[in-house]
Amino acid sequence: MLEVNNLSKEYPTPGGGLPILSGVSLSLGRGEAVSIMGPSGSGKSSFLYIVGALEPPTSGTVTLDGQNPFTMPERELAAFRNRQIGFIFQDHCLLPQLTVLENVLTPTLVAGAQEGGDELERARRLLAEVGLTARSEHRPAELSGGERQRVALARALIRKPLLLLCDEPTGNLDHASAANVAELLLELHRQQKTILVVVTHNAELAAKFPVRYELLEQNLVRDQ
Ligand code: ADP
Ligand code: MG
(Lines give C-alpha, C1' and ligand atoms only; values in the text may rest on other atoms or scores of the structure.)
(Ligands and ions follow the chains in the order given, each with its own letter.)
Protein backbone atom coordinates (compact mmCIF):
# COMPACT_ATOMS: atom_id res chain seq x y z
CA MET A 1 0.00 0.00 0.00
CA LEU A 2 1.18 3.50 -0.91
CA GLU A 3 -0.24 6.32 1.20
CA VAL A 4 0.46 9.92 0.36
CA ASN A 5 -1.08 12.21 2.94
CA ASN A 6 -1.46 15.97 2.69
CA LEU A 7 1.81 16.39 0.88
CA SER A 8 3.19 19.83 0.12
CA LYS A 9 6.37 20.92 -1.60
CA GLU A 10 7.95 24.32 -1.89
CA TYR A 11 11.28 25.19 -3.44
CA PRO A 12 13.20 28.06 -1.86
CA THR A 13 13.65 31.15 -4.02
CA PRO A 14 15.17 34.55 -3.18
CA GLY A 15 11.61 35.92 -2.93
CA GLY A 16 10.41 33.16 -0.53
CA GLY A 17 9.09 29.63 -0.94
CA LEU A 18 7.74 28.69 -4.38
CA PRO A 19 4.78 26.33 -3.85
CA ILE A 20 4.70 23.37 -6.27
CA LEU A 21 2.41 20.86 -4.51
CA SER A 22 -0.22 21.72 -1.89
CA GLY A 23 -2.09 19.18 0.19
CA VAL A 24 -1.81 16.22 -2.19
CA SER A 25 -3.24 12.91 -0.97
CA LEU A 26 -3.31 9.58 -2.81
CA SER A 27 -3.81 6.02 -1.67
CA LEU A 28 -2.99 3.01 -3.87
CA GLY A 29 -3.09 -0.70 -3.11
CA ARG A 30 -1.03 -3.50 -4.63
CA GLY A 31 -1.87 -4.03 -8.31
CA GLU A 32 -3.28 -0.54 -8.84
CA ALA A 33 -2.03 1.68 -11.66
CA VAL A 34 -2.53 5.40 -12.24
CA SER A 35 -1.32 7.98 -14.72
CA ILE A 36 -0.76 11.61 -13.82
CA MET A 37 -0.87 14.18 -16.61
CA GLY A 38 0.18 17.77 -16.42
CA PRO A 39 1.97 20.37 -18.48
CA SER A 40 5.70 20.90 -18.19
CA GLY A 41 6.54 22.60 -14.89
CA SER A 42 3.35 21.49 -13.11
CA GLY A 43 5.29 19.43 -10.55
CA LYS A 44 5.00 15.89 -11.94
CA SER A 45 8.65 15.01 -11.46
CA SER A 46 8.71 16.65 -8.03
CA PHE A 47 5.75 14.52 -6.97
CA LEU A 48 7.32 11.33 -8.29
CA TYR A 49 10.68 12.00 -6.63
CA ILE A 50 9.00 12.59 -3.27
CA VAL A 51 6.90 9.42 -3.59
CA GLY A 52 10.09 7.59 -4.58
CA ALA A 53 11.91 8.93 -1.50
CA LEU A 54 14.52 10.71 -3.62
CA GLU A 55 13.44 14.16 -2.40
CA PRO A 56 11.82 15.06 0.94
CA PRO A 57 8.45 16.83 1.07
CA THR A 58 8.10 20.25 2.72
CA SER A 59 5.24 18.80 4.75
CA GLY A 60 2.96 15.78 4.72
CA THR A 61 3.84 12.09 4.76
CA VAL A 62 4.53 9.23 2.39
CA THR A 63 4.31 5.65 3.58
CA LEU A 64 4.95 2.52 1.57
CA ASP A 65 4.01 -0.81 3.10
CA GLY A 66 3.48 1.08 6.38
CA GLN A 67 6.98 2.54 6.42
CA ASN A 68 7.86 6.23 6.17
CA PRO A 69 11.15 6.44 4.26
CA PHE A 70 11.86 10.01 5.37
CA THR A 71 12.31 8.92 8.98
CA MET A 72 14.99 6.38 8.04
CA PRO A 73 18.73 6.88 8.40
CA GLU A 74 20.47 7.25 5.01
CA ARG A 75 21.74 3.65 4.71
CA GLU A 76 18.39 2.17 5.61
CA LEU A 77 16.70 4.54 3.16
CA ALA A 78 19.00 3.44 0.32
CA ALA A 79 18.26 -0.22 1.05
CA PHE A 80 14.53 0.49 1.27
CA ARG A 81 14.54 2.27 -2.09
CA ASN A 82 16.56 -0.50 -3.69
CA ARG A 83 14.23 -3.16 -2.37
CA GLN A 84 10.80 -1.57 -2.70
CA ILE A 85 10.93 0.97 -5.51
CA GLY A 86 11.68 0.64 -9.22
CA PHE A 87 12.27 3.76 -11.31
CA ILE A 88 12.08 4.42 -15.02
CA PHE A 89 13.10 7.86 -16.26
CA GLN A 90 12.76 9.57 -19.62
CA ASP A 91 16.42 8.82 -20.17
CA HIS A 92 17.12 5.10 -19.75
CA CYS A 93 20.12 5.73 -17.43
CA LEU A 94 21.76 2.44 -18.42
CA LEU A 95 25.47 2.00 -17.78
CA PRO A 96 27.18 2.10 -21.19
CA GLN A 97 30.10 -0.16 -20.32
CA LEU A 98 27.86 -3.02 -19.10
CA THR A 99 25.92 -5.51 -21.21
CA VAL A 100 22.13 -5.54 -21.26
CA LEU A 101 22.05 -8.52 -18.88
CA GLU A 102 24.53 -6.88 -16.50
CA ASN A 103 22.50 -3.66 -16.53
CA VAL A 104 19.37 -5.56 -15.51
CA LEU A 105 21.32 -7.15 -12.66
CA THR A 106 22.82 -3.93 -11.25
CA PRO A 107 20.15 -3.40 -8.53
CA THR A 108 20.95 -6.88 -7.17
CA LEU A 109 24.66 -6.06 -6.78
CA VAL A 110 24.39 -3.41 -4.05
CA ALA A 111 25.19 -4.45 -0.49
CA GLY A 112 22.44 -6.43 1.16
CA ALA A 113 20.46 -7.05 -2.02
CA GLN A 114 21.18 -10.78 -2.30
CA GLU A 115 18.36 -13.09 -1.49
CA GLY A 116 18.66 -16.63 -2.72
CA GLY A 117 20.73 -16.40 -5.88
CA ASP A 118 17.95 -16.70 -8.45
CA GLU A 119 18.66 -13.17 -9.75
CA LEU A 120 20.34 -14.34 -12.94
CA GLU A 121 17.42 -16.53 -13.88
CA ARG A 122 14.97 -13.75 -13.07
CA ALA A 123 16.97 -11.27 -15.17
CA ARG A 124 16.87 -13.69 -18.11
CA ARG A 125 13.13 -14.18 -17.67
CA LEU A 126 12.49 -10.44 -17.56
CA LEU A 127 14.59 -9.93 -20.69
CA ALA A 128 12.50 -12.61 -22.40
CA GLU A 129 9.32 -10.81 -21.28
CA VAL A 130 10.48 -7.57 -22.90
CA GLY A 131 11.62 -9.43 -26.02
CA LEU A 132 15.34 -8.86 -25.66
CA THR A 133 16.81 -12.30 -25.02
CA ALA A 134 18.83 -12.07 -28.23
CA ARG A 135 20.29 -8.72 -27.06
CA SER A 136 21.47 -9.88 -23.62
CA GLU A 137 25.16 -9.57 -24.41
CA HIS A 138 24.88 -6.28 -26.33
CA ARG A 139 25.79 -2.85 -24.92
CA PRO A 140 23.19 -0.08 -24.62
CA ALA A 141 24.77 1.90 -27.49
CA GLU A 142 23.90 -0.95 -29.85
CA LEU A 143 20.17 -0.77 -29.03
CA SER A 144 17.35 1.47 -30.23
CA GLY A 145 15.69 3.93 -27.83
CA GLY A 146 12.70 1.65 -27.34
CA GLU A 147 14.93 -1.34 -26.65
CA ARG A 148 16.86 0.65 -24.04
CA GLN A 149 13.64 1.57 -22.25
CA ARG A 150 12.66 -2.10 -22.28
CA VAL A 151 15.99 -2.91 -20.57
CA ALA A 152 15.27 -0.14 -18.06
CA LEU A 153 11.88 -1.76 -17.41
CA ALA A 154 13.48 -5.16 -16.76
CA ARG A 155 16.04 -3.53 -14.46
CA ALA A 156 13.33 -1.65 -12.54
CA LEU A 157 11.55 -4.94 -11.82
CA ILE A 158 14.51 -7.19 -10.99
CA ARG A 159 14.06 -6.84 -7.21
CA LYS A 160 10.28 -7.33 -7.32
CA PRO A 161 9.55 -3.81 -6.06
CA LEU A 162 6.21 -3.00 -4.50
CA LEU A 163 6.18 0.37 -6.29
CA LEU A 164 7.12 1.17 -9.89
CA LEU A 165 7.51 4.87 -10.73
CA CYS A 166 7.89 6.16 -14.29
CA ASP A 167 8.74 9.73 -15.25
CA GLU A 168 7.90 10.36 -18.93
CA PRO A 169 8.93 6.77 -19.78
CA THR A 170 8.16 7.21 -23.48
CA GLY A 171 9.21 10.86 -23.76
CA ASN A 172 12.19 10.18 -26.02
CA LEU A 173 10.58 7.54 -28.23
CA ASP A 174 8.87 7.55 -31.60
CA HIS A 175 5.20 6.69 -31.75
CA ALA A 176 5.52 2.96 -32.43
CA SER A 177 8.24 2.38 -29.81
CA ALA A 178 6.29 4.41 -27.27
CA ALA A 179 3.19 2.27 -27.81
CA ASN A 180 5.26 -0.90 -27.49
CA VAL A 181 6.94 0.23 -24.24
CA ALA A 182 3.57 1.32 -22.80
CA GLU A 183 2.05 -2.06 -23.59
CA LEU A 184 4.94 -3.95 -21.95
CA LEU A 185 4.83 -1.66 -18.94
CA LEU A 186 1.14 -2.37 -18.35
CA GLU A 187 1.54 -6.08 -19.06
CA LEU A 188 4.42 -6.48 -16.59
CA HIS A 189 2.59 -4.36 -14.04
CA ARG A 190 -0.37 -6.78 -14.22
CA GLN A 191 1.88 -9.80 -14.05
CA GLN A 192 4.04 -8.56 -11.13
CA LYS A 193 1.22 -6.77 -9.27
CA THR A 194 3.27 -3.68 -8.52
CA ILE A 195 1.73 -0.35 -7.64
CA LEU A 196 2.37 1.69 -10.80
CA VAL A 197 2.49 5.48 -11.05
CA VAL A 198 3.31 7.04 -14.41
CA VAL A 199 3.67 10.79 -14.87
CA THR A 200 3.60 12.17 -18.40
CA HIS A 201 2.43 15.00 -20.60
CA ASN A 202 1.57 12.41 -23.28
CA ALA A 203 -2.23 12.08 -23.44
CA GLU A 204 -2.08 8.83 -25.40
CA LEU A 205 0.03 7.14 -22.74
CA ALA A 206 -2.07 8.53 -19.89
CA ALA A 207 -5.29 7.31 -21.53
CA LYS A 208 -4.15 3.67 -21.33
CA PHE A 209 -4.62 3.71 -17.55
CA PRO A 210 -7.89 2.80 -15.85
CA VAL A 211 -7.42 5.57 -13.27
CA ARG A 212 -6.14 8.93 -14.45
CA TYR A 213 -5.24 12.11 -12.62
CA GLU A 214 -4.24 15.57 -13.67
CA LEU A 215 -1.90 17.79 -11.74
CA LEU A 216 -3.71 21.14 -11.68
CA GLU A 217 -2.97 24.11 -9.46
CA GLN A 218 -0.64 22.11 -7.21
CA ASN A 219 -3.04 19.26 -6.60
CA LEU A 220 -4.23 15.98 -8.12
CA VAL A 221 -7.62 16.02 -9.79
CA ARG A 222 -9.15 12.71 -10.79
CA ASP A 223 -10.43 12.41 -14.39
CA GLN A 224 -13.91 11.03 -14.81
P1 ADP B 1 7.30 18.72 -14.35
O2 ADP B 1 7.98 17.40 -14.13
O3 ADP B 1 5.80 18.64 -14.33
O4 ADP B 1 7.78 19.39 -15.59
P5 ADP B 1 8.88 19.63 -12.07
O6 ADP B 1 8.45 18.87 -10.88
O7 ADP B 1 10.15 19.22 -12.73
O8 ADP B 1 7.67 19.68 -13.13
O9 ADP B 1 9.02 21.16 -11.70
C10 ADP B 1 7.95 21.92 -11.13
C11 ADP B 1 8.43 23.32 -10.83
O12 ADP B 1 9.38 23.28 -9.77
C13 ADP B 1 9.12 24.03 -11.98
O14 ADP B 1 8.75 25.37 -11.95
C15 ADP B 1 10.58 23.86 -11.67
O16 ADP B 1 11.34 24.90 -12.20
C17 ADP B 1 10.60 23.89 -10.16
N18 ADP B 1 11.70 23.08 -9.61
C19 ADP B 1 11.91 21.76 -9.81
N20 ADP B 1 12.99 21.34 -9.11
C21 ADP B 1 13.47 22.42 -8.46
C22 ADP B 1 14.58 22.65 -7.57
N23 ADP B 1 15.38 21.65 -7.19
N24 ADP B 1 14.74 23.91 -7.10
C25 ADP B 1 13.93 24.92 -7.45
N26 ADP B 1 12.87 24.76 -8.28
C27 ADP B 1 12.65 23.55 -8.78
MG1 MG C 1 9.29 16.31 -15.27
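Anything mentioned here points back to the structure above.
Position numbers for residues start from 1 in each chain and track the written sequence from start to end. Following the order in which they are written, the chains are lettered starting with A and the ligands numbered starting with 1. Only residues with pLDDT of at least 70 get local features here, since the model is predicted, and only at 80 or more are side-chain atom pairs given and counted; chain-wide, interface and lining totals rely on the full set of residues. Only heavy atoms go into the side-chain values, all of them from the structure, while hydrogens and water stay out.

Caption draft 1: Structural view of the packing of aromatic side chains. Only Phe, Tyr and Trp rings are paired, with Trp represented by its six-membered ring, and only when their centres lie within 6.5 Å; those with planes under 30 degrees apart are stacked, over 60 edge-to-face, the remainder tilted. In the structure shown here, the tally under the stated rule is 2 aromatic pairs. When the ring of Tyr49 is compared with that of Phe89, the centres are 6.2 Å apart and the planes differ by 70 degrees; the resulting orientation is edge-to-face. Here Tyr49, found in helix α1 (residues 44-51), pairs with Phe89, found in the loop between β5 (85-88) and α3 (100-105); they are 40 residues apart in sequence, far enough to count as distant. Buried means the residue's accessible area, taken with a 1.4 Å probe over protein chains only, is under 20% of the maximum for its type, while exposed means over 50%, and partly exposed covers the values in between. Assessed through its relative accessible area of 23%, Phe89 is described here as partly exposed. Taking the centre distance of 5.4 Å and the plane angle of 5 degrees together, the rings of Phe87 and Phe89 count as stacked. Among the aromatic residues, ring-to-ring pairing joins Tyr49, Phe87 and Phe89 into one connected group. Here a strand is any run of E in DSSP of at least two residues, a helix any run of H or I of at least four, and the numbering for each starts at the N terminus.

Caption draft 2: Quick peek at the site of ligand 1. Any residue with at least one heavy atom within 4 Å of a molecule or strand is counted as near it. All residues in the neighbourhood of ligand 1 are listed as Tyr11, Ile20, Pro39, Ser40, Gly41, Ser42, Gly43, Lys44, Ser45 and Ser46. Within the backbone of Gly41, a nitrogen or oxygen atom sits 2.7 Å from an oxygen atom of ligand 1. Side-chain atoms alone can form a polar contact between residues adjacent in sequence; in general such a contact is a pair of N or O atoms within 3.5 Å, and within protein one must be able to donate a hydrogen while the other accepts it. For ligand 1, an oxygen atom lies 2.9 Å from a polar atom in the side chain of Ser45. Across the complex, the protein chains shield 57% of the 560 Å² of accessible surface that ligand 1 would expose by itself. Per element, the largest residue contribution to the shell around ligand 1 is 3 residues, and it comes from α1. What sets the accessible areas is the Shrake-Rupley method with a 1.4 Å probe; for residues, cover comes only from the shown protein chains.

Caption draft 3: Examining the pairing of strand β9 (residues 219-222) more closely. Two strands pair when backbone bridges link them, and strand β8 (residues 211-216) and β9 are joined in this way by 4 bridges, in the antiparallel orientation. Bridged to Leu216 within β9 is Asn219. Counting the residues in the hairpin turn of β8 and β9 gives 2 residues, including Glu217, whose phi is positive at 50 degrees. Strand pairing is assigned whenever DSSP identifies at least 2 bridges connecting the two strands.

Caption draft 4: Focus on the pattern of salt bridges. For this document, the term salt bridge refers to a Lys or Arg side-chain nitrogen within 4 Å of an Asp or Glu carboxyl oxygen. One pass over the full model with this rule turns up 4 salt bridges. Arg125 is paired through a salt bridge with Glu121; the nearest N and O atoms lie 3.9 Å apart. Here Glu121 and Arg125 lie together in helix α4 (residues 119-129), a separation of 4 residues that amounts to about one turn. The exposure class assigned to Arg125 is partly exposed, which follows from its relative accessible area of 44%.

Caption draft 5: Representation of the sheet that holds β5. Read across the sheet, 6 strands follow the order β5-β6-β7-β3-β8-β9 without closing on themselves; strand pairing throughout is mixed. Here the strands that pair on one side only, and so sit at the sheet edges, are β5 and β9. Strand-to-strand twist across the sheet, computed as the mean angle between neighbouring axes with direction ignored, equals 20 degrees. Any two residues whose heavy atoms approach within 4.5 Å are treated as being in contact. Axis definition: a line fitted to C-alpha atoms, over the contacting stretch in the case of helices. Angles run 0 to 180 degrees between N-to-C directions. Across the sheet, α1 touches β3 (33-37), β5, β6 (163-167), β7 (195-200), β8 and β9, and the angle it forms with β6 is around 155 degrees. Those strands touched by helix α6 (residues 175-192) are β3, β5, β6 and β7, and its axis lies near 160 degrees from that of β7.

Caption draft 6: Up close: the environment of Val34. Position of Val34 relative to the elements: it lies in strand β3. You can call Val34 buried: its relative accessible area is 1%. Val34 sits 178 residues away from Arg212 along the chain, and the two C-alpha atoms are 5.5 Å apart. Discounting residues that sit within four places of it in the chain, Val34 has contacts with Leu28, Leu196, Val197, Val198, Phe209, Val211 and Tyr213.

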